[in-house]
Amino acid sequence: MQATLTFLGTGTSMGVPTLGCPCAVCTDAHQPNSPNRRTRPSVLIAYNGRNVLIDTGPDFHAQAIRERLMAVDAVLYTHNHADHILGMDDLRPLSFARPEGIALYADDATATVIERVFEYTFRKVDRYPTSARVHLNRISTDLGTQVELFGVTFLRVPVTHGRNTIAGYRFGSAAYLTDMNDIPESSLPYLQDLDILILDALRHEPHPSHSHLANSIALVEKLKPKRAFFTHISHDLDHNTTNASLPANMQLAHDGQRLTFDINSETL
Ligand SMILES: [Zn+2]
Ligand SMILES: [Zn+2]
Ligand SMILES: [Zn+2]
């Protein structure tokens, strides 16, 4: 089954342009169609008439308008940082149209923060009447945890994000690993035979919780996907200059970019 993945956002937590920054990349990113304009990171995976999101960041409202997104069927969360969860409340109008609500999937550490930030949505008594109709499903952090969504298996792939181990996801022949500086050995078997690998590449210099470009290139060379796309990008990397320097099967993703792939191919 063919699926389309859309990069809703490809920027780091501060977005590009970064507020208050006069650098050349941020200046260029003020142009509306600049490939350097990067909103906070999230992807939309569409297949079989369904729309599945990975994360809802603070730019979700603008991203959904840009992509004319008319429905969301489920959301998988990677972790509890603001740039990945703060758009949850913008699911409200999309959730009202669905009597069954929208299913959210998150590990315990992420679900706990979502419940705290959006307390009025999840309280049992005196719930805010027009809060989002969402169901927060806690998923295990055990290796091999899978979520079945509309005939497709989403496999949780643990990745190292500084002092935390958070979720990446594999679905068919694609994998999305935002926010990570390393991949544990035990996760490597889940990342073989990929057509598409999407992974964190923050900047040129090393960072304690994000992969830098040279490390991301080395990870791609180790995992050997057919194509690799970098995301969670800061203002350190100019889109066109960086892409011209990369090997042929690797590129910086940009907001609004779409990829098609086979979502039903074997996962482990
Ligand atoms: Zn992030
Ligand atoms: Zn800048
Ligand atoms: Zn993070």
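Residues numbered from 1 in each chain as written. Chains lettered and ligands numbered in written order. Predicted model: local features only at pLDDT ≥ 70, side-chain atom pairs only at ≥ 80, totals over all residues. Heavy atoms only, no water.

**Student:** I would appreciate a short explanation of the coordination of the zinc ion (ligand 2) in the present structure.
**Tutor:** Think of it this way: four donors in a tetrahedron around the metal ideally sit 109.5 degrees apart, and six in an octahedron ideally sit 90 or 180 degrees apart. Surrounding the zinc ion (ligand 2) are the protein donor atoms Cys21 (SG), Cys23 (SG), Cys26 (SG) and His235 (ND1), which sit 2.0 to 2.3 Å from the metal. Relative to the metal, the four donor atoms surrounding the zinc ion (ligand 2) lie at angles of 101 to 117 degrees, and the coordination shape comes out tetrahedral. Of note, the donors binding the zinc ion (ligand 2) are all from one chain and are spaced C-x1-C-x2-C-x208-H. One end of the pair, Cys21, is in the loop between strand E1 (2–9) and helix H1 (24–29); the other, His235, is in the loop between strand E12 (227–231) and helix H8 (239–245), with 214 residues separating them in the sequence. For His235, a relative accessible area of 23% corresponds to the partly exposed category. (Donors = N, O, S within 2.8 Å, 3.2 Å for Na, K, Ca; no water. Tetrahedral: all angles 85-135°; square planar, octahedral: opposite > 155°, others 65-115°. Helix = DSSP H or I, 4+ residues; strand = E, 2+ residues; numbered from the N terminus. Buried < 20%, exposed > 50% of the residue type's maximum accessible area, 1.4 Å probe, protein only.)

**Student:** Help me understand the environment of Thr145 in this model?
**Tutor:** Counting through the fold element by element, Thr145 comes out in the loop between strand E6 (134–139) and strand E7 (146–149). A polar contact is formed between the side chain of Thr145 and the backbone oxygen of Ser140, at a distance of 3.2 Å. (Polar contact = N/O pair within 3.5 Å; in protein donor to acceptor, adjacent residues only side chain to side chain.)

**Student:** Would you explain the nonpolar core in this entry?
**Tutor:** A general feature of soluble globular proteins is that nonpolar side chains tend to end up buried together. Ile45, Phe154 and Phe171 are the most contacted members of the largest nonpolar core, which has 29 residues in total. In this view, Ile45 contacts Ala3, Thr4, Leu5, Arg50, Asn51, Val52, Ile54, Phe154, Phe171, Phe261 and Ile263; residues no more than four positions away in its chain are not counted. Within the second largest apolar cluster, 27 residues are counted, among which are Leu197, Leu199, Ala228 and Leu237. (Core = buried A, V, L, I, M, F, W, Y, C linked by side-chain atoms within 4.5 Å. Contact = heavy atoms within 4.5 Å.)

**Student:** How do you make sense of the sheet that holds strand E3 (residues 50–54) when you look at a structure like this?
**Tutor:** Adjacent strands of a sheet pair through backbone hydrogen bonds, lying either parallel or antiparallel. Across the sheet, seven strands lie side by side as E6-E5-E4-E3-E2-E1-E14; this open sheet has mixed pairing. Each edge of the sheet is formed by a strand with only one pairing partner; in this case those strands are E6 and strand E14 (258–262). Direction aside, the axes of adjacent strands within the sheet are offset by 25 degrees on average. Of the pairings in the sheet, the one linking E1 to E14 comprises five bridges and is antiparallel in character. Within the sheet, the bridge partner assigned to Thr6 lies in E14 and is Arg258. (Pairing = 2+ DSSP bridges. Axes fitted to C-alpha atoms, helices over the stretch in contact; angles between N-to-C directions.)

**Student:** Looking at this model, I keep getting lost on the packing of aromatic side chains. Mind explaining?
**Tutor:** To describe a pair of aromatic rings, you give the distance between the ring centres and the angle between the ring planes. For the structure on display, the rule yields five aromatic pairs. With a centroid separation of 6.2 Å and an interplanar angle of 45 degrees, the aromatic rings of Phe7 and Phe229 are classed as tilted. Residue Phe7 is located in strand E1, and its partner Phe229 is located in strand E12; the two are separated by 222 residues in the primary sequence. In this structure, Phe7 and Phe229 share a single accessibility class: buried. Where Tyr120 meets Tyr128, the ring centres are 6.3 Å apart and the plane angle is 85 degrees; that geometry is what we call edge-to-face. With a relative accessible area of 27%, Tyr120 lands in the partly exposed category. Here a set of aromatic residues connected by ring pairs shows up, and it is made of Tyr47, Phe154, Phe171 and Phe261. (Phe/Tyr/Trp six-rings, centres within 6.5 Å; stacked < 30°, edge-to-face > 60°.)

**Student:** How should the coordination of the zinc ion (ligand 3) be read in this particular structure?
**Tutor:** Protein ligation of the zinc ion (ligand 3) involves His79 (NE2), His81 (ND1), His161 (NE2) and Asp179 (OD), the donor distances falling in the range 2.2 to 2.3 Å. Angles of 87 to 168 degrees at the metal separate the four donor atoms of the zinc ion (ligand 3), which places the site in the irregular class. All donors to the zinc ion (ligand 3) come from one chain, and their sequence spacing reads H-x1-H-x79-H-x17-D. A separation of 3.5 Å is found between the zinc ion (ligand 3) and the zinc ion (ligand 1), which share Asp179 as a coordinating residue.

**Student:** Whenever I open this one, the pairing of strand E5 (residues 102–107) confuses me. Can you help?
**Tutor:** The side chains of a regular strand alternate between the sheet's two faces. For E5, the tally of buried residues reaches six of six residues, placing the bulk of the element in the interior. Every second residue of E5 is oriented toward a common face, with Ile102, Leu104 and Ala106 on one face and Ala103, Tyr105 and Asp107 on the other, all of them buried. With three bridges joining them, strand E4 (residues 74–76) and E5 adopt parallel strand pairing. Residue pairing for E5: Leu76 is matched across the bridge by Tyr105. Inspection of the sheet shows E5 paired to E6 by six bridges, in the parallel sense. Across the sheet, Leu104 pairs through a bridge with Leu136, a residue of E6.

That is the geometry; function is a separate question.
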